[in-house]
Structures are given as C-alpha cells and as structure tokens.
Amino acid sequence: MAAISSLSTTLSTRSTTSKTPFSTPLSPLKFPPKNSILQLPPAVSRREFLNGSVALLPLVISSSSPSLAREVEVGSYLPPSSSDPSFVLFTATSKDTPALRAEPYKFILPPSWKQLRIANILSGNYCQPKCAEPWIEVKFENEKQGKVQVVASPLIRLTNKPNATIEEIGSPEELIASLGPFVTGNTLDPDELMETSIEKRGGQTYYKYVLETPYALTGSHNLAKATAKGSTVVLFVASANDKQWPSSKKTLEAILDSFEV
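The rules behind the values
- Residues numbered from 1 in each chain as written.
- Predicted model: local features only at pLDDT ≥ 70, side-chain atom pairs only at ≥ 80, totals over all residues.
- Heavy atoms only, no water.
- Core = buried A, V, L, I, M, F, W, Y, C linked by side-chain atoms within 4.5 Å.
- Buried < 20%, exposed > 50% of the residue type's maximum accessible area, 1.4 Å probe, protein only.
- Helix = DSSP H or I, 4+ residues; strand = E, 2+ residues; numbered from the N terminus.
- Contact = heavy atoms within 4.5 Å.
- Phe/Tyr/Trp six-rings, centres within 6.5 Å; stacked < 30°, edge-to-face > 60°.
- Pairing = 2+ DSSP bridges.

Novice: Go over the nonpolar core with me, naming the residues and quoting the values.
Specialist: Membership of the largest hydrophobic core comes to 27 residues, with the highest contact counts inside it found for F107, L109 and V148. Broken down by secondary-structure element, the contributors of at least two residues to this core are β3 (88-91), β4 (106-109), β6 (135-142), β7 (146-154), β11 (232-240) and α6 (245-258). Apart from the residues within four sequence positions on either side, F107 is in contact with V88, L89, F90, V138, F140, V148, V150, F236, I255, S258 and F259. Membership of the second largest hydrophobic core comes to 21 residues, among which are I136, I169, Y207 and V233.

Rendered as structure tokens:
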C-alpha cells in the first residue's frame, strides 16, 4: 500500500508540474475589418497595377469601417465658429492629436461631422519623436458630405534647408507631385490636377489645389491646401465621391478655405 501511495503521489506531482507543447491556448486569427480597403504603396503606378505588370507587392490595409468613428457629433463639444455660427471650430492640441509635431492649426466643420480614430501606424505615434515619412494627424467624416484629414510631412523629406518656406521648397506643381499620393491614397497623375492657386494669410503662404481623381481611394473629388512652418509641411485634404460632391462641394470649399496654421 505504501508503494501504491508513493506512485500516486509521484504521478500527481508530475501532472501538475509537467508542461505540454500545447498547454498555452492559441490566439484567435485576426482578419481585416469587413469594410477594409487595400491600398497600393505610393510608389506603384496605377496604370502598372491595372495592366497587371506589377508583381505581388505588400499592401497596406486601411479600415474604412464606420465603427471607427466616434459616436458623438463634433457640434456637441466644439465651440461655434465666430466667422460662421453654422460651423464649429476645431483647433489642434496635443490632447486631440497625441503625435502632434506640426505647428498648431485650425479649421471649421459642420456640427454633424464625426472624428475618426486613426490607426497607430498611420498616426505617427509609432515613430516618435521623429518621423521620416508623412503621418495623419486628424480625420473627420460625414457619410453624406465627405471627409477631411490633415497630413503632416517632415520638411527634410522635401528639402535640406531648415525652416524653409513653402516657396523655397518649390512651385505648387512640384509640391503636389511629391505629396499627391497622400491626397489620393494611392497615386496622382499630372492630368488629374485641375487648378492651382496661391493664398497669403497672416504672413503664411498656402498652395491650394483642385483635383479630379477618378481612381483615388480617398474620393473622385479632392481639394487640398498646403503650407510649411517650422520643420513640417502641413497638408489639408477635403474629399468626396461622385454621390457626395454635388451637394457638398460648397461646404468642403468653405472648410478648406478656413484651414490655417
């Protein structure tokens, strides 16, 4: 009986201390959100992709799921715009944009719009304190009117001159040739640039653009505005699809015009 008791104790001890290769539960597989879209890296030409002459390349998955949007409309927490009470005023702070390294900026929004959450890898949080590539600061959307976003690019990506003005970086056409993929979400062809203009406000120069981009991931209609300050080039983009554009064009133009660094 003593031997049986000893053997039972030994087996019990082994069963509580031994480890099997599959003792740790396997993590469930994670798939992209149902409404995700696949984005081509900016370096890939749209025509090359459509012609099938590009080999398989890594694709960036960007979620467009409405679940990423905050449920609260901006009109419930942002102050009315002093220039037009039918809009509210968004002013960037480190609270709203944790990765904020661009100069503070502001713009107006319709009260019904909602702020979208930005994936960490796109926000620039992953490369603090210094990023070599552009990042998204903030993004807002209304399903019926379109969306806007602020993209910040390190100045050194465009010029070696410290604290260069936007005029010192290049012409409006030269700048959009470098930053166009961040307007469209994929590529920008020269013939998609419909109009350029230059605006001066408060000692700051802005380049403005009107683009018709039928293959853009952001939308077939894009308005953009860019300026340089400090060590950053700040790009503001307002986008709409064909369904949204006829009724939202004036609203998006007003939002773009209000953007100021």
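Novice: Please provide a residue-by-residue account of the packing of aromatic side chains, values included.
Specialist: Geometry of an aromatic ring pair is reported as the spacing of the ring centres plus the angle between the planes. Tallying each qualifying case throughout the model produces seven aromatic pairs. Relative to F140, the ring of F90 lies with its centre 5.1 Å away and its plane at 65°, an arrangement referred to as edge-to-face. With F90 in strand β3 and F140 in strand β6, this pair connects stretches of sequence that are 50 residues apart. With respect to class, F90 is no different from F140; both count as buried. An aromatic cluster of at least three residues, connected via ring pairs, comprises F90, Y105, F107, F140, F236 and F259.

Novice: Describe the pairing of β6, naming the residues involved and giving the relevant values.
Specialist: Buried residues dominate β6, accounting for seven of its eight residues. With two bridges joining them, strand β5 (residues 114-115) and β6 adopt antiparallel strand pairing. Bridge assignment links Q115 to a residue of β6, and that residue is F140. Sheet topology note: the β6/β7 ladder contains seven bridges and is antiparallel.

Everything listed here is a matter of geometry and, on its own, says nothing about what the molecule does.
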